[in-house]
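One-letter residues, chain by chain:
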Amino acid sequence: MNAVSPASLPGLPGAVADAEAVRLQLRTWPEVERYLDHCKGVILPLGSTEQHGPTGAIGTDALTAEAVALEVGRRSGVLVAPTQAYGMAEHHLGFPGTISLQPATLLAVLHDVVLSLARHGFERVFVINGHGGNIATARAAFAQAYGTAATRNLPVAPELRCRLANWFMAGPVMRTAQELYGDREGHHATPSEIALTLHLEPSLEAHQRPLADPPKPGPIHGPEDFRRRHPDGRMGSDPFLARAEHGARFLDLAASALVDDLSQFLSDPAG
Ligand code: NI
């Protein structure tokens, strides 16, 4: 686990024994008001509800983002807002079980979440994201939120910052995925994310089975095109390589990297 105690990192309230202590849903409003006296940061897990190949869970991106967020919250003491489990997954709609928000809908949701938090004095919103398809829309939502905070003359407007932290793109996570899986990591329904779900939900092991080599990844032009090019939903990945013990490592690596990033984000006055 972490060599450096997160409690010693600048900008962080300090580690808590149990992630339940940082779940916003389990706190009262007076507790949140007191929290804001000493910390202006909050973590928002952002996922997606979409097909993850023939053996992966539909909820992979939300389950993984939430788990990383709660572990970062436990190590840092920073509050964790409820997970936004629906993301921008339009290109996965050719597969049953996928539930997608259009980009404009996700933008509006994230904008309203940030503005709600900002109204009460949260100045730093750290979005821990589990889905590449959310990235462009999340950045657009941040830009719009800054503009709205200023036009509404919110007191925090000059200090308001949002940061997107994609756990699966953290350096140590990507290096370890490369070591373990090489180019069989692929681009969607990757063994690294599936490994994390196996660690979190052991019942998912029952789905694991060898799969034929997938078609080569290429450009996607919509849900029907996706399913035609990638009939089983994977993009260049071999999720059968995933192991629950790998998932435990990915959780630790992602949390370590993101706690450092969060400390920098909360302690730098310029953001
Ligand atoms: Ni995913």
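Predicted model, so just to flag it, every value in this text is computed and none were measured.

(A) How the structure looks around the overall build of the protein chain. When helices and strands are counted, the protein chain shows eight helices and four strands. The secondary structure elements of the protein chain, listed N-terminal to C-terminal, are α-β-α-β-α-β-α-β-α-α-α-α. The C-alpha radius of gyration computed for the protein chain amounts to 19 Å, which stays within 12% of the reference 18 Å derived for 271 residues, consistent with globular compactness. If one aligns the C-alpha atoms of the protein chain with their principal axes, the spans along those axes are about 55 × 40 × 30 Å. Out of the 271 residues belonging to the protein chain, those deemed buried represent 52%. Carbon and sulfur atoms form 56% of the exposed surface of the protein chain, whose accessible area is close to 12100 Å². Of the charged side chains in the protein chain, 22 are positive and 29 negative; the average position of the first set lies 2 Å away from that of the second.

(B) Looking closely at the coordination of the nickel ion. Distances from the nickel ion to its protein donors, namely H52 (NE2), D61 (OD) and E193 (OE), fall within the range 1.9 to 2.1 Å. All donor residues of the nickel ion come from one chain, and their arrangement in sequence is H-x8-D-x131-E. This pair shows no difference in class: H52 is buried, exactly as D61 is.

(C) The arrangement of the packing of aromatic side chains in detail. Within this structure, the stated rule accounts for five aromatic pairs. Plain terms: the ring middles of F126 and F265 are 5.9 Å apart, the flat faces sit at 40 degrees to each other, and that makes the pair tilted. Pair noted here: F126 is in strand β3 (residues 124-129) and F265 is in helix α8 (residues 244-267), with a separation of 139 residues, a long-range link. The exposure classification of F126 matches that of F265, with both residues buried. One cation-aromatic arrangement involves R124 over F265; the distance from NZ or CZ to the ring centre is 5.7 Å. For the cation-ring pair, R243 lies above F240, with the distance from its terminal atom to the ring centre recorded as 6.0 Å.

(D) Spotlight on the layout of surface pockets. Approximately 540 Å³ is the volume found for the largest pocket. For the largest pocket, the lining is made up of 27 residues, of which F168, G186, H187, H188 and T190 are closest to its centre. Looking at the lining of the largest pocket, the elements that each hand over two or more residues are α5 (171-181) and α6 (191-200). In terms of residue class, the lining of the largest pocket is built from nine nonpolar, 14 polar and four charged. Every residue along the wall of the second largest pocket is listed here: D183, R184, G186, H187, D213, P214, P215, K216, P217, G236, S237 and D238. Across the lining of the second largest pocket, the residue classes break down as three nonpolar, four polar and five charged.

Conventions we followed
Residues numbered from 1 in each chain as written. Predicted model: local features only at pLDDT ≥ 70, side-chain atom pairs only at ≥ 80, totals over all residues. Heavy atoms only, no water. Helix = DSSP H or I, 4+ residues; strand = E, 2+ residues; numbered from the N terminus. Rg over C-alpha atoms; globule rule 2.2 N^0.38 Å. Buried < 20%, exposed > 50% of the residue type's maximum accessible area, 1.4 Å probe, protein only. Areas by Shrake-Rupley, 256 points an atom, 1.4 Å probe, with all protein chains shown as cover. Lys, Arg positive; Asp, Glu negative; His and termini not counted. Charge placed at Lys NZ, Arg CZ, Asp CG, Glu CD. Donors = N, O, S within 2.8 Å, 3.2 Å for Na, K, Ca; no water. Phe/Tyr/Trp six-rings, centres within 6.5 Å; stacked < 30°, edge-to-face > 60°. Lys NZ or Arg CZ within 6 Å of the ring centre and 35° of its normal. 1 Å grid on protein atoms, 1.4 Å probe; cavity = no way out; pocket = protein on both sides within 12 Å on 5 of 7 lines; lining within 4 Å. Points joined across faces, edges and corners; volume = space filled by probe spheres on them. Nonpolar A, V, L, I, M, F, W, Y, C, P; charged D, E, K, R; others polar.

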